[in-house]
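Listed below, chain by chain, are the residues.
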Amino acid sequence: MAMFFTNDSMRATLASYGLRTPPGVLIDGSFHFEDPCRLAANCILQHASIAAYSYIMHNVQLEHTEVGRYCSIARNVTCLGSTHPTTSLSTSPVFYDKTSFNWRFGDIPVFEPEATRKIRIGHDVWIGANAVVSPGVTIGQGAVIGANAVVTNDVDPYMIVAGVPARVVRSRFSDRLIQRILASNWTDYDIPAWLKSNSMPDTRNLSEKTFASVENAINSGVAPPIRPQAYRLFRRQQGDIAIEKI
Ligand SMILES: CC(C)(COP(=O)(O)OP(=O)(O)OC[C@H]1O[C@@H](n2cnc3c(N)ncnc32)[C@H](O)[C@@H]1OP(=O)(O)O)[C@@H](O)C(=O)NCCC(=O)NCCS
């Protein structure tokens, strides 16, 4: 059952759990989030999850999509994990989705429902405005998707891709540095606490040398491991919206 968050007190409650959402967001089906994450107006999220420190801009639609930590998803991005059959008489859901027209005709026999193919967006991915991601695609950690791209194939970690269909433009870092970044699992550590302590090295032009200080902080405990609290948001049988820890 769909959930709209028009009510200020409901949104204040969600913010206290770490989900910042304006009015006009629609959440339908299962929804999981980690504390903290941010949504902008007119997003539609159906069977989606968003991990900590990620934000979703205006008019984004995510369906059967998992979003990792530290992701930036620009306006009008579409990630739809469901497909319609292309080898049947018709692609219309009237043939395979019991719920599509039963409001009009009651239950009618249907063929097997079309399988959904989940989209997986890794940690620290930036998706540019208006990009479209095809069902079943996995976008690796640290990848960048150019504005207006149509992503039909998996994207390797730390690759920048663009165009229709999306092709590799370049890699963000050398292969060696990418392997070190992936091996560090830095997204599992308390980076915000480290930033607050003012001891975070300058990682703006990341090199093997500056990344060594990130590894040192992880190994010495300056940035302790963290597992942000995760929640499930759902509508109860009685109709009210509930949040539970997972
Ligand atoms: C993909 C992107 C990050 C690449 O930036 P960059 O590394 O500085 O790349 P460059 O501008 O040097 O372009 C490299 C090549 O890719 C092409 N290219 C870059 N962005 C492209 C895009 N979105 N679509 C198609 N081709 C693109 C360029 O034309 C260039 O091709 P050429 O080598 O044949 O001339 C950037 O172009 C982009 O799309 N950013 C997203 C912007 C956005 O949506 N912001 C929203 C705010 S959250």
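If you're wondering where the values come from, they're calculated on a predicted model, not measured in any experiment. (Residues numbered from 1 in each chain as written. Predicted model: local features only at pLDDT ≥ 70, side-chain atom pairs only at ≥ 80, totals over all residues.)

## Structural notes on the overall build of the chain
When its secondary structure is counted, the chain shows 5 helices and 19 strands. Overall, the C-alpha framework of the chain stretches about 65 × 45 × 25 Å when taken along its three principal axes. For the chain, the share of sequence-separated contacts (at least 6 apart) that also reach a separation of at least 24 residues comes to 31%. (Helix = DSSP H or I, 4+ residues; strand = E, 2+ residues; numbered from the N terminus. Contact = placed C-beta atoms within 7 Å.)

## Let's talk about the site of the ligand
The full set of residues close to the ligand is Ser 72, Ala 74, Gly 128, Ala 129, Val 144, Gly 146, Ala 147, Asn 148, Ile 160, Ala 162, Gly 163 and Val 169. Residue composition of the shell around the ligand, grouped by class: 7 nonpolar, 5 polar and no charged. (Near = placed C-beta within 6 Å. Nonpolar A, V, L, I, M, F, W, Y, C, P; charged D, E, K, R; others polar.)

## Quick word on the pairing of strand β18 (residues 230-235)
Relative to β18, strand β3 (residues 26-34) is paired through 4 bridges, and the arrangement is antiparallel. Each bridged residue has a counterpart across the sheet, and for Phe 33 the counterpart in β18 is Tyr 231. Examined bridge by bridge, β18 and strand β19 (residues 241-245) share 5 bridges and lie antiparallel to one another. Pairing of Phe 234 across the sheet is with Ala 242, part of β19. Hairpin connection, β18 to β19: the antiparallel pair is bridged by 5 residues, and Gly 239 has positive phi, about 105°. (Pairing = 2+ DSSP bridges.)

## Digging into the environment of Leu 39
Summarising the element assignment, Leu 39 is placed in strand β4 (residues 37-39). As a C-alpha pair, Leu 39 and Leu 195 span 156 residues in sequence and 23 Å in three-dimensional space. Dropping the residues within four chain positions of it, Leu 39 is found in contact with Arg 20, Thr 21, Val 25 and Ile 56.

## Let's talk about the environment of Ser 207
The topology assignment puts Ser 207 in the loop between α4 (191-196) and α5 (208-220). Here the alpha-carbon distance between Ser 207 and Val 151, two residues 56 residues apart in the chain, equals 28 Å.

## Digging into the sheet that holds strand β16 (residues 159-162)
The 8 strands are arranged β2-β4-β6-β8-β11-β14-β16-β17 in an open sheet whose pairing can be described as mixed. Unpaired on one side and paired on the other, β2 (19-20) and β17 (167-171) mark the two borders of the sheet. Bridge count for β4 against strand β6 (residues 54-56) is 3 bridges, and the pairing is parallel. Across the sheet, Cys 37 pairs through a bridge with Ser 54, a residue of β6.

## A look at the packing of helix α3 (residues 175-184) against α5
How two helices pack is summed up by the angle between their axes together with the distance between the axes. Where α3 meets α5, the closest approach of the two axes is 11 Å, and the angle between their N-to-C directions is 15°. As far as their axial angle goes, α5 and α3 are roughly parallel. The hand of the α3/α5 crossing is left-handed. Residues Arg 176, Leu 177, Arg 180, Ile 181 and Ser 184 of α3 pack against Glu 208, Phe 211, Val 214, Glu 215 and Ile 218 of α5. The residue makeup of the contact of α3 with α5, split by class, is 5 nonpolar, 1 polar and 4 charged. (Axes fitted to C-alpha atoms, helices over the stretch in contact; angles between N-to-C directions. Parallel < 35°, antiparallel > 145°, perpendicular 65-115°, else oblique. Left-handed = near helix turned anticlockwise from the far one by under 90°.)

## What about the nonpolar core?
One finds Ile 139, Ala 143, Ile 145, Val 151 and Val 161 to be the most contacted residues of the largest nonpolar core, which totals 45 residues. Within the residue set of this core, elements represented by two or more residues are β3, β4, β5 (44-50), β7 (61-67), β10 (119-121), β14 (144-145), β16 and β18. A per-element tally of this core places β5 first, with 3 residues. Contact partners of Val 151, with chain neighbours within four places excluded, come to Ala 131, Val 133, Ser 134, Val 137, Ile 139, Ile 145, Val 161 and Ala 166. (Core = buried A, V, L, I, M, F, W, Y, C linked by C-beta atoms within 7 Å. Buried ≥ 20, exposed ≤ 12 C-beta atoms within 10 Å, placed from the backbone.)

## Side note on the environment of Ala 230
For Ala 230, the position within the fold is in strand β18. A tally of 15 C-beta atoms within 10 Å means that Ala 230 is categorised as partly exposed.

## Considerations on unusual backbone geometry
For residues other than glycine, phi is negative in most cases, and the peptide bonds are mostly trans. The residue after Asp 35, namely Pro 36, is reached through a cis peptide bond having omega 0°. For the peptide bond that leads from Val 164 to Pro 165, omega is -10°, which places it in the cis range. Phi at Asn 42 is positive, roughly 65°, even though this residue is not glycine. Not every positive phi belongs to a glycine, and Asn 148 is a case in point at roughly 70°.

## Topic: the pairing of β16
Residues of β16 alternate between two faces, with Met 159 and Val 161 buried on one and Ile 160 and Ala 162 left unburied on the opposite face. Where β14 lies against β16, 2 bridges are found, and the strand directions are parallel. Paired with Ile 145 across the strands is Val 161, a residue of β16. As defined by bridge partners, β16 adjoins β17 across 4 bridges and the pair is classed as antiparallel. What sits directly across from Val 161, in β17, is Val 168. Between β16 and the antiparallel strand that follows it, β17, lie 4 residues; Gly 163 among them carries a positive phi value of about 95°.

Shape is all these values report; function is a separate question.
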